[in-house]
Amino acid sequence: MNEEYLWDKSGEPDPEIQQLEQILGTLGYEPKPLDLSAEVQPRSRNRYLPLMAIAATLLIALIAGALWLRVRSKTSPQLDSAKIQSPKPQLVVPKVEDKKTNDILATASGKPSRDERPKVKQVRHPRTPETAKMTVSEHEQALEAKEQLMIALRLTSEKLNLAHRKAQGASPTQIRNQHKVG
Amino acid sequence: MFELEATVDMLLPTPQAKASTDTPEPRIEVVLVKAVLDGDRDSFGRLYDLYAPMVHGILLARIPRSEVDDLVQDIFLHAFRKLHTLRDWAAFGPWIAMITRNRAMDFYRRSKETVEVTEDLRSTDPGTSRANEILELIRGLPEAYRETLILRLVEGMTGPEIAARTGLTAASVRVNLHRGMKQLRAKLGYVEGL
């Protein structure tokens, strides 16, 4: 087989390929006119269309930004005047009414009863820079306040337990977990 | 081993093939497509004259011969309508070749049950009948070989022309022609000892 003749019909003709060309050539394309009369002219491509689209997008973004800034500058004085002041945190010590329980707790901890104890005037956050430079007396006061808070919390807990037991219909003196006893 | 050597020899570009691939001048397709988009319908007629044999050959490798002529016209009308969507004007050939392949697939999807590929064999003319028999053998080859072989043997295009029109590399066309021809020879020897 002559490769060059098969490739570009150059060189010595290959009889086998020539025979095939002769036979198959009868099936080849026969020119026929193409009727384009009924067809609409194809749209010509606008090469600047993508650039125009980008420019339009940028313009819209600029206008929107300008409008936003204008609206913001009009409303900002009202916003400045309407500053919200958050309330300062306050320490709430629960009011102890059950004097009996109070006395029991006081004797248990070896501390004076509520009436005898000095009242806490000021409680500061322990991690603030101010507390880092506390004097000895201030430190004692803070410890006392802490103790007081702990007692108040214990009291509240006791009262809650009492209320819970009452709600369940059991007497306050009833021993719990009786099945374990005896 | 011989097959490998032959393939390597074919992949090395010959001076003629190299000259055909290194064409620096602007392609005629670019000029014609631009003219069509600017309103010159006659330029599309020139594109049709240039590419109709290729479209015909691609269809002939896939669908019954009786349907090919009408479909060639349809494909060019479709291409005319959609020409504005073609981005690379120099790639008009590969673009219309792809449209043609897709149309051939659509043809089978639409008329899968009603059309038989072998209907062309019923021709009464003995010359045409033999041609149809060989065409059937070519259709039985792998797709890459049958398209290239039909463009070469039926449409009379040379290897460089096939490469330029379809967008395939010259080396691929050369290999497809060689291997396709080898397989066709084997089939013909089996059938009729040509």
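Residues numbered from 1 in each chain as written. Chains lettered and ligands numbered in written order. Predicted model: local features only at pLDDT ≥ 70, side-chain atom pairs only at ≥ 80, totals over all residues. Heavy atoms only, no water.

Caption draft 1: Spatial organisation of the nonpolar core. Counting residues in hydrophobic clusters, the biggest one holds 66 residues, and the most contacted among them are Phe44(B), Phe76(B) and Phe92(B). Residues within four places of Phe92(B) in sequence aside, it is in contact with Glu29(B), Val33(B), Phe44(B), Leu47(B), Tyr51(B), Leu83(B) and Leu86(B). (Core = buried A, V, L, I, M, F, W, Y, C linked by side-chain atoms within 4.5 Å. Buried < 20%, exposed > 50% of the residue type's maximum accessible area, 1.4 Å probe, protein only. Contact = heavy atoms within 4.5 Å.)

Caption draft 2: Just the pattern of salt bridges, in detail. Applying the stated criterion to the full structure yields 12 salt bridges over all chains. Put simply, Glu4(A) and Arg174(B) hold a salt bridge, and the shortest N to O gap is 2.6 Å. One end of the pair, Glu4(A), is in helix 1 (residues 3-8); the other, Arg174(B), is in helix 10 (residues 170-191), on a second chain. The class of Glu4(A) is partly exposed, set by a relative accessible area of 25%. Arg185(B) serves as the salt-bridge partner of Glu16(A), at 2.1 Å between the closest nitrogen and oxygen. Pair noted here: Glu16(A) is in helix 2 (residues 15-24) and Arg185(B) is in helix 10, and the two residues belong to different chains. Accessibility expressed as a relative area gives 31% for Glu16(A), which makes it partly exposed. On the basis of relative accessible area, Arg185(B) is assigned to the partly exposed category, the value being 24%. Here the salt bridges share partners, and the residues they tie into one network are Arg62(B), Arg101(B), Glu143(B) and Glu147(B). (Salt bridge = Lys/Arg side-chain N within 4 Å of Asp/Glu carboxyl O. Helix = DSSP H or I, 4+ residues; strand = E, 2+ residues; numbered from the N terminus.)

Caption draft 3: Summary view of helix 3 (residues 28-37) of chain B. Residue and element names in this part refer to chain B. Those residues of helix 3 lying buried are Glu-29, Leu-32, Val-33, Val-36 and Leu-37. Down the axis of helix 3, the smallest arc covering the buried residues is 130 degrees, so these residues share one side. Packed against the buried residues of helix 3 are helix 4 (41-60), helix 5 (65-81) and helix 6 (92-110). Just downstream of helix 3 lies Gly-39, where phi reads positive at about 110 degrees. (Arc of directions from axis to C-beta.)

Caption draft 4: Representation of the interface of chain A and chain B. Taken together, the 36 residues of chain A in the interface contact 53 residues of chain B. Three residues stand out in chain A for area buried against chain B, namely Trp7(A), Leu27(A) and Tyr29(A), and they jointly supply 21% of the buried area on that side. Joining chain A to chain B, the criterion identifies five salt bridges. The residue Asp14(A) makes a salt bridge to Arg185(B) at a minimum N-O spacing of 3.6 Å. Across the contact surface, chain A and chain B share 13 residue pairs in polar contact (both at pLDDT 80 or more). Elements with a contribution of two residues or more to the side of chain A that touches chain B: helix 1 and helix 2 of chain A. (Buried area = accessible area lost by both parts, 1.4 Å probe. Polar contact = N/O pair within 3.5 Å; in protein donor to acceptor, adjacent residues only side chain to side chain.)

Caption draft 5: Broad picture of unusual backbone geometry. Of note in the backbone geometry, Lys9(A) takes a positive phi value of approximately 60 degrees without being a glycine. Looking at where Lys9(A) falls in the secondary structure, it is placed in the loop between helix 1 and helix 2.

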